[in-house]
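These are the residues of each chain, in order.
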Amino acid sequence: MEDITPLAHGHRLHLADGSAADCDLLVGADGARSRVRPLVTPAEPAHTGVNAIELVIPDIDLAHPALSVLVGRGSFMAIGPNRTLSAQRNGDGSARVHLTMRGEEDCFATSGIAFDDPATARIQLQDLYAGWAPEFLQLVAAAEGPITRPPITALPVGLRWDPVPGLTLLGDAAHLMPPFAGAGANLAMLDGARLALALASAEDVRGFEEEMFARAAEEARDSAANLAKFLSPRGAQGVLELMRSLCAVDVSSGA
């Protein structure tokens, strides 16, 4: 999509091949850098103060059985002051390894790490975690292929906009948040389902938006709070307190 033109009723999409398409309702489900979002709000994602690196270990079960045991059947995370090292098993037999750390938005660009030479970069990245358990650092050493640096950005918590006829947003386009509440993808799917139900029932799109605003604001607050605990000078202590609070039982209520 190259451009969007508002019409008296709906919008016209100007596509890359030179063609155009008109629609009564334009749904911006195009992610963090949404091309549709500026039509409803000037809000843009801002850096969260946290940076991330993603690596991939192919076929972890056969190639690295000890690391496979470390990751387990789901995911693994080690937490230190202002940084984490985690791994997540994927359905294709690989494992994704994530390094997250506090820093300025350009810290990787100015770090001197040779990201264009992944083998060298993996050694340099292990240096950033000097003193951590060797088996944890093996997750970095075992990775193969290119190294990606996904930005950790977020839209303002509680973002909302005035109604725009024939246009709405959902998912990250509407409520991008850091991945520390495990809610982003789930919210996007729920948004899509709720919007579909609203349209099928001939309900006003604004009702869907108001429900989404409330739901997303709560999750975004939790996500921001969790980020502050997972990436803090206190390291794992703050996360331990978070987990204890989630597991707390009110004995006086008989729960």
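Regarding its fold elements, the protein presents 8 helices and 11 strands. Each of the 255 residues in the protein was classed as buried or not, and the buried ones make up 40%. Nonlocal contacts in the protein, meaning residues at least 24 apart in sequence, comprise 63% of its contacts between residues at least 6 apart. For the protein, the accessible area works out to roughly 13400 Å², and carbon and sulfur atoms hold 56% of it. Positive and negative side-chain charges of the protein, numbering 19 and 32 respectively, have mean locations separated by a distance of 5 Å.

Here 3 strands make up an open sheet; going across it, the order is 1-2-3 and the pairing antiparallel. Strands with a single pairing partner mark the edges of an open sheet, and in this sheet they are strand 1 (3-6) and strand 3 (20-23). Between one strand and the next, the sheet's axes are offset by a mean angle of 20°, whatever the strand orientation. Bridging between strand 1 and strand 2 (residues 11-14) involves 4 bridges; their strand directions are antiparallel. Within strand 2, the residue paired with Thr 5 across the bridge is Arg 12.

Before going further, it helps to spend a moment on unusual backbone geometry. Its identity as a non-glycine residue notwithstanding, Asp 59 has a phi of 45°, on the positive side. For Asp 59, a relative accessible area of 39% translates into the label partly exposed. Backbone geometry at Ala 202 places phi at a positive 60°, although glycine is not the residue there. Considering the arrangement of structural elements, one finds Ala 202 in the loop between helix 6 (184-200) and helix 7 (205-230). Given a relative accessible area of 70%, Ala 202 falls into the exposed group.

Further remarks concern the nonpolar core. Leu 55, Leu 85, Leu 99 and Leu 139 are the most contacted members of the largest nonpolar core, which has 28 residues in total. Counting only elements with at least two residues in this core, the list comes to strand 5 (46-57), helix 2 (65-71), strand 6 (75-80), strand 7 (83-89), strand 8 (95-102), helix 3 (118-127) and helix 4 (134-141). In terms of residues, this core owes the most to one element, strand 8, which gives 4 residues. In this structure Leu 139 touches Ile 57, Leu 67, Leu 70, Val 71, Phe 76, Leu 85, Ala 87 and Val 97, once residues within four positions along its chain are discounted.

With that settled, consider the confidence of the model for the protein. For the protein, per-residue confidence averages 93 on the pLDDT scale, and 97% of positions sit at 70 or higher. Model confidence for the protein, summarised as mean pLDDT per element, is weakest for helix 8 (residues 236-247) at 84 and strongest for helix 5 (residues 172-175) at 98.

Right, let's get into the pairing of strand 7. Where burial is concerned, most of strand 7 is hidden: 5 out of the 7 residues are buried. With 7 bridges connecting them, strand 7 and strand 8 associate as antiparallel partners. By the bridge assignment for strand 8, Leu 85 is matched with Leu 99. Taking the residues between adjacent antiparallel strands as the criterion, strand 7 and strand 8 are bridged by 5 residues, where Gly 93 takes a positive phi near 90°.

Analysis parameters
Residues numbered from 1 in each chain as written. Predicted model: local features only at pLDDT ≥ 70, side-chain atom pairs only at ≥ 80, totals over all residues. Heavy atoms only, no water. Helix = DSSP H or I, 4+ residues; strand = E, 2+ residues; numbered from the N terminus. Buried < 20%, exposed > 50% of the residue type's maximum accessible area, 1.4 Å probe, protein only. Contact = heavy atoms within 4.5 Å. Areas by Shrake-Rupley, 256 points an atom, 1.4 Å probe, with all protein chains shown as cover. Lys, Arg positive; Asp, Glu negative; His and termini not counted. Charge placed at Lys NZ, Arg CZ, Asp CG, Glu CD. Pairing = 2+ DSSP bridges. Axes fitted to C-alpha atoms, helices over the stretch in contact; angles between N-to-C directions. Core = buried A, V, L, I, M, F, W, Y, C linked by side-chain atoms within 4.5 Å. pLDDT = per-residue confidence, 0-100.

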